[in-house]
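# Descriptive structure summary
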Amino acid sequence: FFFVCSDMAVSQCGCNGAHQRFLTMPELAGRTHALFICNMIGDATSGKPIAKERAQTGGMCPKTGCFGNLNFGVPVRLKAEVGLVRHWDVQAYTTDASNARNLQGVLGGGALACQDGLENHFTMLGLRPRQDGEPESTVNGVICMAYSDDELATAKAFYATSAGSVLIKLPATHFEAVSWPSMPPNTPHVYCVVTTSDTFQPPTFDSPILQTYLDAILTDFMAYGEDFAEEFIKTTRGWSRYWLDDREEDLANRLDDAEGEYEYEHVMHLLNRCAPGADGRRPIATYAQYHVCPPEPVEDPTEKTECTGFIKQKGTNYFCFGMGSLINTPSRVGTAGKVAQCAIPIAISKDYEFCPCWNFQNRAGGSQLTAGGMVKRRDPRNKTPDAETVGVVYPGPDDEAKMLAQDEREIGYTRYNIPLECMRSLGWQPLPQGVTVFQYVPNTELDDDHPARTRNPDGTPSPRASFPSREYPLPQTYVDVCILGCLEYSRQFATKWIEGFVGWPSADNPFWLNDRPYSRQPWLHEPRHKEIDDLLASVLPGAYACRSLPARFAEHYLCGAAARQPVDVTYTSYKARNREVARVAVRRPRHFVFEYRERIGAERWGAVAKAPEDMVLSLACRLGPEAGYRRSMCLRNSYGFTAPALMRDVGGARGVNGLLYVAPMAWLRDGEAPGPDADLFLGEGLERVELSPEHFEVLNNWMTIPPGATIYTYVAATPQPPSFDFPIRQSLIDTILGGCLQHSMGADFCAEWVDTTDGWALPDGRVYWLNDRHIGRRPWMALGGSYKIFDRLVYESTSPCVPEGVLLQRRLPEEYTMVQVSDG
């Protein structure tokens, strides 16, 4: 077991200031000590401080040893021969209750600590020494430059008094980089948090593996690729079937969001395929059975687990240069995805022909602002042509085909590749060798003889993009995002960024609007407003004097030279006729989708169809029994519940109410339904079928189905009734009936939905119906008075589809396990 345990006598990093040689800006050298994180790696890449700040840890996350405010993690692999393994066995106390209070401090208090004195709530992941007879394993994670000298001293002091963890340092040679980022240069040692035997205890019924805890970790690992996340699962020990799926309350929201649902399913698929013990994961309602019948244990590997080689992200060849809001990590990740979470701060020399400028007027749909664009360095308006440009470089498309596809989408822009010799890294992470770093330059800023140069109708070059104007001012909220991104690196970096930007407002062009919410009380919106404003005032005193609050900015329309000019607001990013074409397609649609399930409400439909609110059009209708279908609780899925769906049953078919929605714009544009891989509505266990318009009755007599319309819907491919492990879920029924209320006179449309749906009970009378409402004993907290309508419709139904008294057999989560007991 090859590491040196820390105590207050552990030496400092030992680099003797060698890091400074790799940094152009000394302030960026503040954190010179590396940390390895193998569990909550998002702490190293979020760009934010640790959310669970605790006074006793000095604002440090005690599980990782990280202080936060980091935005770069090098994906690495800890070698097997080091003798450390990642294991599910970190708890707040062991069976020796005398350790409880000391170990509570290890978790920093709050939600992850012993809230009830001696009660563990779940088991966490930790790095611990390999035990006798336990085979070796590699461990993947990230290395970040996490500590300044003072932060390292704070971390050492904390762990020196911790009863459950120690901060150790390992030779950097025990790690290998596995992707395009390289190991921190001249860093002889790497610190990491290792748990001690005082906290070793496997998951139990009272301290299970929590799915939401695992979700957060897996999502961060998947940012480096699915293979990196799969390696995490493979090299983690101590998996257990004491595994609680506590995600239930989030399900309805995930079903509204196509991307959220995809991420949810992606994580589930990965766990079901790779994680030992995943077959034992249970939701809250069925987890209680483990108290009576403990699950089978999961056997750990008996042979060495060793992963080798690079991950797929190693092959990244295209990197994007961000010089405005993309410097800001949350903004960048929101735009480009988590693949862009790690960025390298760089400087571009005056030899590159373009430099950043406030000249991008967003004229799309009324977004009246000026944002960051590019301008020729030799443009006569540029008063500082020799100024360096600073920004960040981050991973872009991962192959040539995706790069070309992105080029096609960037209408009005031309991709420019920035020569590597014009760039230098300002941080400890060097630029990868042999890659392409690109940016998009507006076609208005190209040379006049460039074939893509924007031109007037007569063929002459169009004017260059203008600096901020009265109608398109520089907005302070945008500047805030940019500077906060710069401050992730240092104040000096932010200063260089300001100095390198062209087009700041001036006395001759004073259009800078302080558009912060509550701009006269800026601390309510932007806690770091003073830091930002002091920086701007010190670097740009003349420009900063031009910034105006909204009331003062209005003077530009009332007096002075600008007041005599007409308001100049134009929309050039699309043609009006293009929108009219889209509206004609909606007004004269050919394709419809019959929705009768959880997306029957307009808001939920629009979220998945990605349709603007004014284009979510529908017809309340009824599918007749001659179509040969009935609606039943018959669609089981991997979420662990049974949902309503249509099932083929010619003999027992009945009328089914629902909505005919105009198909998504992509269908209308392409003229046909998409293939299975591109169909947003083709969920798990469903198949798409085409229905005849003749089988529908429109329930509003002033509406009709257009002649020649094609109607699709989705039916259960393999119908199965509810069971103990796949119950009906009340939260989903509430979602559906809430959508039905939008189309009801009184509650008639809701009542018809209930009365024409069967499967509430099995033929033998058993009922598997889980009341999983948020705070189910006080349902009005989430549903207001609607819950009374929903429950009454079921309770008072006289339909043969709804067994009498079935509502009274619905069970809350803590009651639900009795259903299995009553089944024997």
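For the structure itself, look to the data block above.
Read on for an overview of the structure. Every chain's residues receive numbers from 1 upward, in the order its sequence appears when written. A pLDDT threshold of at least 70 governs which residues receive local features in this predicted model, and a stricter bar of 80 or more applies before side-chain atom pairs are shown or counted, although totals over entire chains, interfaces and linings include all residues. Each side-chain value is derived from all of the structure's non-hydrogen atoms; neither hydrogens nor water enter the calculation.

The next subject is the overall build of the chain. For the chain, the helix and strand inventory stands at 23 helices and 34 strands. Classification of residues uses two cut-offs on accessible area relative to the type maximum, computed with a 1.4 Å probe and protein chains only: under 20% is buried, over 50% is exposed, and between them is partly exposed. The buried share of the chain, taken over its 824 residues, is 56%. Between two residues, a contact is recorded if the distance between any of their heavy atoms is within 4.5 Å. Taking as baseline every contact in the chain between residues at least 6 positions apart, the subset at least 24 positions apart corresponds to 80%. A total of about 35,900 Å² of accessible surface is found on the chain, and carbon and sulfur atoms cover 52% of it. Each helix is a run of H or I in the DSSP string that is no shorter than four residues. Each strand is a run of E no shorter than two, and both are numbered from the N terminus. Areas reported here follow the Shrake-Rupley algorithm with a probe of radius 1.4 Å; residue values treat only the protein chains shown as occluding.

So, about the sheet that holds strand S11 (residues 243–245). A sheet is described by the order of its strands in space; here three strands give the open sequence S9-S11-S12, paired in parallel fashion. Either end of the sheet is taken by a strand with one partner, and the two such strands are strand S9 (209–210) and strand S12 (282–283). Two strands pair if DSSP finds at least two bridges between them.

Once that is clear, we can look at helix H22 (residues 786–795). Turning to H22, its buried residues are Tyr787, Phe790, Asp791, Leu793 and Val794. Burial along H22 is one-sided: seen end-on, the buried residues are contained in an arc of 155 degrees. What points out from H22, more than 90 degrees from its buried face, is the exposed set Lys788 and Tyr795. The inward-facing, buried residues of H22 abut helix H19 (730–741), helix H20 (748–755), strand S34 (769–770) and helix H21 (780–783). By construction, the arc corresponds to the directions joining the helix axis to the C-beta atoms.

Here we take up the pattern of salt bridges. By definition here, a salt bridge exists when the distance from a side-chain nitrogen of Lys or Arg to a carboxyl oxygen of Asp or Glu is within 4 Å. Applying the stated criterion across every chain yields a total of 42 salt bridges. For Arg622, the salt bridge is made with Glu752, and the minimal N-O distance between the two is 2.6 Å. One end of the pair, Arg622, is in strand S25 (residues 618–623); the other, Glu752, is in helix H20, and 130 residues separate them in sequence. Shared partners join several salt bridges into a network, and the residues in it are Asp89, Arg128, Glu134 and Arg237.

Our focus in this paragraph is the nonpolar core. The tendency in soluble globular proteins is for nonpolar side chains to be buried side by side. Ranked by internal contacts, the top residues of the largest apolar core, which has 131 residues, are Phe36, Trp497 and Trp504. The residues contacting Phe36, other than those within four sequence positions of it, are Val76, Leu78, Leu127, Val139, Asn140, Gly141, Val142, Ile143, Phe175, Val190, Tyr191 and Cys192. Joining through side-chain atoms within 4.5 Å is the link that ties buried Ala, Val, Leu, Ile, Met, Phe, Trp, Tyr and Cys residues into a set, and such a set is a nonpolar core. Among the nonpolar cores identified, the runner-up in size contains 67 residues, and Leu619, Val662, Ala709 and Leu732 belong to it.

With that settled, the discussion passes to the packing of aromatic side chains. To pair, rings of Phe, Tyr and Trp, with the six-membered ring standing in for Trp, must have centres within 6.5 Å; the planes then decide the type, stacked if under 30 degrees apart, edge-to-face if over 60, and tilted in the middle. All told, the structure shown has 41 aromatic pairs when counted by the stated rule. Look at Phe72 and Trp428: their rings are 5.5 Å apart centre to centre, the planes differ by 80 degrees, and that puts the pair in the edge-to-face class. Separated by 356 residues along the polypeptide, Phe72 in the loop between strand S1 (33–37) and strand S2 (74–78) and Trp428 in the loop between strand S19 (423–425) and strand S20 (436–442) bring together distant segments of the chain. There is no split in this pair, since Phe72 and Trp428 are both buried. Note on criteria: charge over ring means Lys NZ or Arg CZ within 6 Å of the ring centre, with the direction from the centre no more than 35 degrees off the ring normal. In this arrangement the basic side chain of Arg729 is found over the ring face of Phe641, its NZ or CZ atom lying 5.2 Å from the centre.

Attention now goes to the sheet that holds strand S4 (residues 124–129). Pairing between sheet strands relies on hydrogen bonds along the backbone, with the strands arranged either parallel or antiparallel. Across the sheet, which stays open at both edges, the three strands sit in the order S4-S3-S10 with mixed pairing between neighbours. In this open sheet, the two edge strands, each paired with only one partner strand, are S4 and strand S10 (236–237). Relative to S4, strand S3 (residues 84–90) runs antiparallel, the two sharing six bridges. Bridging from a neighbouring strand, Trp88 pairs with Leu125 of S4.

The axes used here are C-alpha line fits, helices contributing only the stretch in contact, and every angle between their N-to-C directions lies in the interval 0 to 180 degrees. Between helix H11 (residues 476–487) and helix H13 (residues 529–539), the shortest axis-to-axis distance is 10 Å and the interhelical angle comes to 95 degrees. As the angle between them shows, H11 and H13 are arranged roughly perpendicular. Each of Gln476, Val479, Asp480, Ile483, Leu484 and Leu487 in H11 lies in contact with H13, whose residues at this interface are Glu531, Ile532, Asp533, Leu535 and Leu536. For this classification, the nonpolar set comprises Ala, Val, Leu, Ile, Met, Phe, Trp, Tyr, Cys and Pro, the charged set comprises Asp, Glu, Lys and Arg, and every other residue, Gly included, is treated as polar. Looking at the contact of H11 with H13 residue by residue, the classes come out as seven nonpolar, one polar and three charged. Angles below 35 degrees are treated as roughly parallel, those above 145 as roughly antiparallel, those between 65 and 115 as roughly perpendicular, and all remaining angles as oblique.

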